[in-house]
Amino acid sequence: GDSVTQMQGQVTLSEDDFLFINCTYSTTWYPTLFWYVQYPGEGPQLLLKVTTANNKGISRGFEATYDKGTTSFHLQKASVQESDSAVYYCVRTGGYKVVFGSGTRLLVSP
Amino acid sequence: EAGVTQSPRYAVLQEGQAVSFWCDPISGHDTLYWYQQPRDQGPQLLVYFRDEAVIDNSQLPSDRFSAVRPKGTNSTLKIQSAKQGDTATYLCASSPGTGGALAEQFFGPGTRLTVL
């Protein structure tokens, strides 16, 4: 079936550290993939969108790369800030289905 | 431009009671989604509409949950007989144009439901 896996439940970093969050998916369709970010007390908001046409997305200093060969979709940032502390969700859509991953909580200390 | 609005923001029920959640999407957005988000988990899609038509309701517990969007604008999600396991935040989202599920979703703040 269609699924999205985020193995990292929580990542703890210091400001200016490098961030890497892993996401893998299984699907019988060519998906469109998203990263959403959720701050406490709010609904998720779009961070990045990547399709099979472009394979990579960049927004607000974050970069996501889509690897069809390994069915993975990683999120990275060169230098995190305390304001990046939030929960990050990998999301896949395709074939009329929308599937969220379980989320990775990022804690950044000053 | 106003964002997605939801009401109520909070609800507390006893098991067996009914509750309805209301969502007003962004004007002009033809696709509307309802999600259930248990505490410390990711959102789980319950149902989504394009205009008034249901596109996917495969994860909606149809024995107790129902959702409608009669004029293709506002939507109501109802739980007929709530259980403690329904305790969660219920999120509504909308997206524009012909992208359907491939388009960016704009989320409301959610309704936090507690079933005692």
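These remarks concern the structure in this document. All values derive from a computational prediction rather than experimental measurement.

Definitions and cut-offs
- Residue numbering note: each chain is counted from 1, following its sequence as written.
- Following the order in which they are written, the chains are lettered starting with A and the ligands numbered starting with 1.
- Thresholds applied to this predicted model are a pLDDT of at least 70 for local features of residues and 80 or more for the giving and counting of side-chain atom pairs; totals over whole chains, interfaces and linings are not thresholded and use all residues.
- Side-chain measures were taken over the full set of non-hydrogen atoms in the model, leaving aside hydrogen atoms and water.
- Only DSSP runs of H or I covering at least 4 residues are called helices, and only runs of E covering at least 2 are called strands; the numbering of each starts at the N terminus.
- Both definitions apply: the radius of gyration is a C-alpha atom measure, and the globule rule equals 2.2 Å times residues to the power 0.38.
- The buried label applies to any residue whose accessible area, calculated with a 1.4 Å probe on protein chains only, is under 20% of its type's maximum; exposed applies above 50%, and partly exposed to all values in between.
- All accessible-area figures derive from a Shrake-Rupley calculation using a 1.4 Å probe, and residue coverage is judged against the displayed protein chains alone.
- Only four residue types enter the charge count: Lys and Arg as positive, Asp and Glu as negative, with His and the chain ends excluded.
- Lys charges are placed at NZ, Arg charges at CZ, Asp charges at CG and Glu charges at CD.
- Two aromatic rings from Phe, Tyr or Trp, using only the six-membered ring of Trp, form a pair when their centres are within 6.5 Å; if the ring planes differ by under 30 degrees the pair is stacked, by over 60 it is edge-to-face, and anything between is tilted.
- Among the buried residues, those of types Ala, Val, Leu, Ile, Met, Phe, Trp, Tyr and Cys that are joined through side-chain atoms within 4.5 Å form a nonpolar core.
- Pairs of residues are marked as contacts when any of their non-hydrogen atoms sit within 4.5 Å.
- We call a pair of cysteine sulfur atoms a disulfide whenever their separation is within 2.5 Å.
- By salt bridge we mean one thing: a side-chain nitrogen of Lys or Arg within 4 Å of a carboxyl oxygen of Asp or Glu.

So, the overall build of chain B
Part 1 of the reasoning: Counting its secondary structure elements, chain B contains zero helices and eleven strands.
Part 2 of the reasoning: For chain B, the C-alpha radius of gyration of 13 Å lies close to 13 Å, the compact-globule estimate for 116 residues.
Part 3 of the reasoning: Seen through its C-alpha atoms, chain B measures out along the principal axes to roughly 40 × 25 × 25 Å.
Part 4 of the reasoning: Counting across all 116 residues of chain B, residues that qualify as buried make up 48%.
Part 5 of the reasoning: Accessible surface, chain B: about 5,500 Å² in total, of which carbon and sulfur atoms supply 48%.
Part 6 of the reasoning: Here chain B contributes 9 positive and 11 negative side-chain charges, whose respective centroids are spaced 6 Å apart.

Considerations on the packing of aromatic side chains
Part 1 of the reasoning: Scanning the entire structure with this criterion turns up 15 aromatic pairs over all chains.
Part 2 of the reasoning: Aromatic ring contacts, followed pair by pair, group Phe-34, Tyr-36, Tyr-89 and Phe-100 of chain A together with Tyr-33, Tyr-35, Tyr-48 and Phe-107 of chain B into a single cluster.

Things to note about the nonpolar core
Part 1 of the reasoning: Membership of the largest hydrophobic core comes to 25 residues, with the highest contact counts inside it found for Leu-19, Trp-35, Leu-47, Phe-73, Leu-75 and Tyr-88 of chain A.
Part 2 of the reasoning: Elements supplying a minimum of two residues to this core: strand S2 (10-14), strand S3 (19-21), strand S5 (32-38), strand S6 (45-50), strand S8 (62-67), strand S9 (72-77), strand S10 (86-94) and strand S12 (104-109) of chain A.
Part 3 of the reasoning: Those residues in contact with Leu-47 of chain A, other than ones at most four positions away along the chain, are Trp-35, Tyr-36, Val-37, Ser-59, Arg-60, Phe-62, Leu-75 and Tyr-88 of chain A.
Part 4 of the reasoning: By size, the runner-up hydrophobic cluster in this structure holds 23 residues, among which are Phe-21, Ile-26, Leu-32 and Ala-88 of chain B.

Let's talk about the state of the cysteines
Residues and elements named next belong to chain B.
Part 1 of the reasoning: Within this structure, the stated rule accounts for two disulfides over all chains.
Part 2 of the reasoning: Disulfide pairing is shown between Cys-23 and Cys-92; the S-S distance is 1.9 Å. Residues Cys-23 and Cys-92 are joined by a disulfide whose S-S torsion is about -70°; by sign, that bridge is left-handed. Here Cys-23, found in strand S3 (residues 19-24), pairs with Cys-92, found in strand S9 (residues 88-95); they are 69 residues apart in sequence, far enough to count as distant.
Part 3 of the reasoning: We classify Cys-92 as buried; its relative accessible area is 0%.

Remarks on the pattern of salt bridges
Part 1 of the reasoning: Following the criterion strictly, the structure yields five salt bridges over all chains and no others.
Part 2 of the reasoning: Where Arg-105 of chain A meets Asp-40 of chain B, a salt bridge forms, and the shortest distance between an N and an O atom there is 3.5 Å. Of this pair, Arg-105 of chain A sits in strand S12 while Asp-40 of chain B sits in the loop between strand S4 (31-37) and strand S5 (44-50), each in a different chain.
Part 3 of the reasoning: The exposure class of Arg-105 of chain A is partly exposed, given its relative accessible area of 34%.

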